[in-house]
Every structure is written in structure tokens, then in C-alpha cells.
Amino acid sequence: MYSVNVDKLVKTSETQAESLLEITDNIIEGLGNHKAFAVLGGKVDTFKIAYNIMEKGNKVLFVDGDIRTDVFLGKYKLGKSAKGVLDYIKRPEKNEEIVCVTNHKNLNLIFTGINEDGVVTDDEIMIFKSLIDKYSKEYDYIVVDSDEDGTLAAFCGYAAIIAEKETYDEDELNNRVIQLEDKECNVLGVIISCLLYTSDA
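Here's a quick rundown of the structure. (Residues numbered from 1 in each chain as written. Predicted model: local features only at pLDDT ≥ 70, side-chain atom pairs only at ≥ 80, totals over all residues. Heavy atoms only, no water.)

The next subject is the overall build of the protein. A count of helical and extended segments in the protein gives seven helices and eight strands. Here the protein, with 201 residues, has 49% of them falling under the buried criterion. In the protein, of all internal contacts separated by at least 6 residues, the share reaching a separation of at least 24 is 83%. (Helix = DSSP H or I, 4+ residues; strand = E, 2+ residues; numbered from the N terminus. Buried < 20%, exposed > 50% of the residue type's maximum accessible area, 1.4 Å probe, protein only. Contact = heavy atoms within 4.5 Å.)

Here's what the structure looks like:
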């Protein structure tokens, strides 16, 4: 089992910390008794939200569910040896160890993993629900960083969207909300972000 130090990823300014605290409180309130939710467009910001939920005394699992990229795997340069979401949905029968611990006792993560053939089928995507069900028994919250299309968000039941203030398109965001709700995924809100991201995080 791998162990990684995430302190650099969660570094924020005082203003960012205040924004994250408010966002975290709103998400927890919106979830009620539900455990899993996805964030679209968040990347490192999604991880910061997961960290803040952990800071409130919860046991949290962060899942890098953007199966089209390997943002977090790339940051830690663990290469093909670090298994993750893709390994689970392609070979669920192997029951491989995919959880990576962090330097914070109540915050663990699952990387994207390596997609050897570059293909993810609809049947494999459906297996993601069993991953959520499995780890919901062990964690208070599961925070999934989903791709822009919300491919895995539908299995979480709830989602939030993060959009950059300088580049977001209101019509595009509205369409994304409709698409998620059509998949029976409740959208908790849209976060217009100009504060959360830090280039050195």
C-alpha cells in the first residue's frame, strides 16, 4: 500500500480557506445522510474539499475518477505500479488493493490507475457503482473528482460543478446541470471559482 504526503496539495491562502470552509459546509448540508458525491471541473480543488471535510472530523476517501487523465498519479510520479479506479473496473474479480493512505489518518485516496488499452467500456463504467458501495461501508464520505462529462458522477447521486470565473459559459453550465439531472444525479450547486486554485499547490 502506498503512502503519500498531501500537504502541498491542500495549501491555501486565508481567503481561499474561508471560501473552502463555506463550500464544504454547504455540501455537507446538501448531502444530508448521503455519503458519496462528485465534483466536475475541480481537480486539485476537489481534493481540497475532501481535505476540508476530513478536517471536520470525518473519515474521507478521495477518488480520482477522471478516467480520461491521471492528474494525481502524474503529480506523485508513481507510474504503472499504482493501481486505481481503472484497475478495479477492469478486473473487479481480483479485488486488488487500490487505496493509498496519506499523511492524514482519516484521509485516503484512490488514483485513476493505468488504462493499458486506452478503452473503457460502458459495462466497465457500470462497475464503478460497486466501488462506491464497497467503500461507503468504511468511510463517512467519498469525494469523486469526475471528468467534465460526469461519466462517474451519476453513480454518486450528488454532484457539484466548479467553473473558472474567467472562462465559464452560463449556457454550457446549464446544459451540464440538465445532463447530470437526466442521469438522476442531484446537482448541489455550481461554484464559480477564482479563489480556490493555487499554482504551487
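Before going further, it helps to examine the pattern of salt bridges. With the rule as written, the count across this model stands at nine salt bridges. Residue Asp-66 pairs with Lys-43 through a salt bridge whose shortest N-O separation is 2.2 Å. Within this pair, whereas Asp-66 is found in the loop between strand S3 (60–65) and helix H3 (71–76), its partner Lys-43 is found in the loop between strand S2 (36–40) and helix H2 (44–55), the two being separated by 23 residues in sequence. Overall, Asp-66 belongs to the buried group, its relative accessible area being 5%. For Lys-43, a relative accessible area of 25% gives the class partly exposed. Glu-96 serves as the salt-bridge partner of Lys-83, at 3.8 Å between the closest nitrogen and oxygen. Residue Lys-83 is located in the loop between H3 and helix H4 (85–90), and its partner Glu-96 is located in the loop between H4 and strand S4 (99–102); the two are separated by 13 residues in the primary sequence. Taken together, the shared-partner salt bridges in this structure form one network comprising Lys-83, Asp-87, Arg-91 and Glu-96. (Salt bridge = Lys/Arg side-chain N within 4 Å of Asp/Glu carboxyl O.)

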